[in-house]
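Descriptive structure summary
Residue strings, one per chain:
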Amino acid sequence: EALLARIGQFDPQLNSFITVTADQARAQAQAADTRRAAGESGALLGAPIAHKDLFCTQGVRTSCASKILDNFVSPYDATVVEKLAAAGCVSLGKLNMDEFAMGSANESSHYGPVRNPWNLECVPGGSSGGSAAAVAARLIPAATGSDTGGSIRQPAALTNLTGIKPTYGRVSRWGMIAYASSLDQGGPLARTAEDCALLLGAMAGFDPKDSTCVDQPVDDYLAALNRPLAGLRIGLPREYFGAGLDPLLSDAVMACVEVLKKLGATVKEIGLPNMQHAIPAYYVIAPAEASSNLSRFDGVRFGYRCENPVNLEDLYKRSRGEGFGAEVKRRIMVGTYALSAGYYDAYYLKAQKIRRLIRSDFIGAFQEVDVILGPTTPNPAWKLGEKSSDPIAAYLEDIYTITANLAGIPGLSMPAGFIDGLPVGVQLLAPYFQEGRLLNVAHQYQ
Ligand code: GLN
């Protein structure tokens, strides 16, 4: 009830929720009380959370922040939603995001932009901007998000939170509306690594309903938190510290390095030579997959349908033309172009080759170090509207985060101080399925 009151008081300015499910939350809270009274325990029993609005929730609107799904009520729960509910979490509703998770500022939502609680004139990052703003403003202690190219880590960094993108295949994508299927992963945003460990432990695991979900036991992330860091080998990629990085952010990373050294870590410079190709490769692969995934929104089966279509083609064209926003249309066009006959080899295939090189860079680097450390973003949060007319400027903000998605490795962003009153984050990357190591380092640092 206290959090529902906070949402009522503060969310009109922040716009972090698309849907508040107060009645359902009360029923879930009561059910958690009953389970506790029956002797059940567990840290998540009764824990309030909310879901990014791309996780399907049975009986509750699941919009992906798009007009085309404004009237879509899902007939089933996503696996992540089901698993967190089974652990006893109480969902207070559905969180705002960039339309179809395409963006880094949460300005492309059909329901309006989300504001950063640290400065209401600034963006909270994206695409999980609603998740970040709601947790940062203490409307909820933790939230789910999804990360295709940084959408958990970047908004976490810009709002002083901890967020983890797991290894590709660690968390089921079933019921998570697809943006770019080979890159998408769900994960938590919370204040601390400990809270993320709790949430991720409940979210992760094999799911026969997602063919890319890996059948491997889930580590005990809570137990991993307290391992000492003595002997930890940290790699600093030289490519991270070039032009484009705010020098104050570079200082924040080095300050973090000093703390980790005091805890027993050693530091060495490493190389990730193919990083320079990551943004072009990502902005071919992600739109290509998106153009294919979004073809299911045709105005026929579900979602928005235009008024009085004259024939089937008119129905498709106008439903999609009226239902999708500008950024989504841009990506459908880029992706369709890249996949069209004759261009496949030049764009998609080439981007896939770059992806393999980026993966090899990481595999090589992890022969020498245990984790890679760097900034999460090149800059702190920017003013609302500042980059919205320049998509390339916004795409460049993803430089540090997208390589993890292209390679499939896990990444975590944790708070690293403030620049001119705005939070910044540092990012840790680890080898496949080493989420426990990321949470361990973040917890020791915190
Ligand atoms: N900013 C990136 C994009 O717009 C990443 C988004 C995401 O991770 N969902 O594609």
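Small disclaimer: the values here were computed from a predicted structure and weren't measured.

1. A closer look at the UniProt feature "active site" (unreviewed entry) in the chain
Within this numbering scheme, the UniProt entry marks Lys-52, Ser-127 and Ser-151 as carrying the feature "active site" (unreviewed entry). A stretch of 100 residues holds the annotated residues, and the largest C-alpha distance among them is 11.0 Å, short enough that they meet in one place. For Lys-52, the position within the fold is in strand β2 (residues 48-52). Given 30 C-beta atoms within a 10 Å radius, Lys-52 is considered buried. Beyond its immediate sequence surroundings of up to four residues, Lys-52 is in contact with Leu-95, Met-97, Ser-128, Gly-130, Ser-131, Ala-143, Thr-144, Gly-145 and Ser-146. Following the sequence through the fold, Ser-151 ends up in the loop between β4 (142-147) and α5 (153-158). Ignoring any residue separated from it by four or fewer positions in sequence, one finds Ser-151 in contact with Ala-101, Gly-126, Ser-127, Ser-128, Gly-145 and Ser-146.

2. As for the pairing of strand β11 (residues 422-429)
When you tally the buried positions in β11, you get seven out of eight residues, the bulk of the element. In terms of strand pairing, strand β10 (residues 411-419) meets β11 through seven bridges, oriented antiparallel. Note on β11: the bridge partner recorded for Ile-419 is Leu-422. The hairpin formed by β10 and β11 contains two residues between the paired strands, and Asp-420 there has a positive phi angle of roughly 50 degrees.

3. Some remarks on the sheet that holds strand β3 (residues 90-95)
Strand pairing in a sheet is mediated by backbone hydrogen bonds. Such pairs are either parallel or antiparallel. The sheet built from eleven strands is open, its strands ordered β1-β3-β2-β4-β6-β5-β10-β11-β9-β7-β8 with mixed pairing. Strand pairing shows two members of the sheet lacking a second neighbour, β1 (17-20) and β8 (266-270), which therefore form its edges. Averaged over all neighbouring strand pairs, the angle between strand axes comes to 30 degrees, with direction disregarded. Two elements, strand β5 (residues 162-165) and β10, share three bridges in a ladder whose sense is antiparallel. The partner of Ile-164 across the bridge, within β10, is Leu-412.

Rules used in this analysis
Residues numbered from 1 in each chain as written. Predicted model: local features only at pLDDT ≥ 70, side-chain atom pairs only at ≥ 80, totals over all residues. UniProt positions renumbered as here; feature names shortened; annotations may be inferred. Helix = DSSP H or I, 4+ residues; strand = E, 2+ residues; numbered from the N terminus. Buried ≥ 20, exposed ≤ 12 C-beta atoms within 10 Å, placed from the backbone. Contact = placed C-beta atoms within 7 Å. Pairing = 2+ DSSP bridges. Axes fitted to C-alpha atoms, helices over the stretch in contact; angles between N-to-C directions.

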